[in-house]
Amino acid sequence: MSKLAQQAKDENRKRDARRKIIVGGAILAYMEKDESFARAVRSILGTYVGRPKDKEVIEDLLKELAQPAPAAPAADAAPASPPPPPSSNENATAPTTTAANPYPFLSRI
């Protein structure tokens, strides 16, 4: 019985590691496409990765935290269009995006 429990534990650990690799790869790929998402992820990493050994591995990502944010658009530039109004679909379960939190799903982490 103990051997079966250990095998199940090992399989769960391997599955969890593989899942983290897949999710991490997707996040890294999307960071290259969306700078505001990249800033949000860097902020999370800077806040929640505490072990020096772990920080060393992601040092290249954390260095970009120190860079200043891009300049705000000029005052004479056309204002950005407002986000679309929330859907009237009462069954919608996806959180709405706001300027303050463009990635509300990250708040569940």
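What comes next is a walk through the structure. (Residues numbered from 1 in each chain as written. Predicted model: local features only at pLDDT ≥ 70, side-chain atom pairs only at ≥ 80, totals over all residues. Heavy atoms only, no water.)

## Structural notes on the packing of aromatic side chains
Using the following cut-off: When the centres of two rings from Phe, Tyr and Trp lie within 6.5 Å, Trp using its six-membered ring, the rings pair. Their planes under 30 degrees apart give stacked, over 60 give edge-to-face, and anything left gives tilted. Exposure is judged per residue with a 1.4 Å probe applied to protein chains only, and the accessible area is read against the type maximum: over 50% gives exposed, under 20% gives buried, and values in between give partly exposed.
Following the criterion strictly, the structure yields one aromatic pair and no others. Ring centres of Tyr30 and Phe37 lie 5.0 Å apart, and the angle between their planes is 75°; on these two criteria the pair is classed as edge-to-face. Overall, the relative accessible area of 38% leaves Tyr30 in the partly exposed class. Judged by relative accessible area, Phe37 falls into the buried class, the value being 4%.

## A word on the nonpolar core
What counts here: For this analysis, a nonpolar core means a set of buried residues of the types Ala, Val, Leu, Ile, Met, Phe, Trp, Tyr and Cys, connected via side-chain atoms within 4.5 Å. Here a strand is any run of E in DSSP of at least two residues, a helix any run of H or I of at least four, and the numbering for each starts at the N terminus.
Judged by nonpolar contacts, Met31, Phe37, Ala38, Val41, Leu45, Val49, Ile58, Leu61 and Leu62 together constitute the single largest core of nine residues. At the level of elements, helix 2 (35-48) and helix 4 (59-63) are the ones that each hand at least two residues to this core. If you tally residues by element for this core, the top one is helix 2, at four residues.

## With respect to the pattern of salt bridges
Basically, it comes down to this: Just to be clear on terms, a salt bridge is a Lys or Arg side-chain nitrogen sitting within 4 Å of an Asp or Glu carboxyl oxygen.
Scanning the model with the defined rule gives six salt bridges in all. Measuring nitrogen to oxygen at the nearest pair gives 3.1 Å for the salt bridge that ties Asp16 to Lys20. Note that Asp16 and Lys20 are positioned in helix 1 (residues 2-33) at a spacing of four residues, about one turn of the helix. The exposure class assigned to Asp16 is partly exposed, which follows from its relative accessible area of 26%. With a closest N to O distance of 3.1 Å, Glu35 and Arg42 form a salt bridge. For Glu35, a relative accessible area of 41% corresponds to the partly exposed category. Here the salt bridges do not stand alone but share partners, grouping Asp16, Arg19 and Lys20 into one network.

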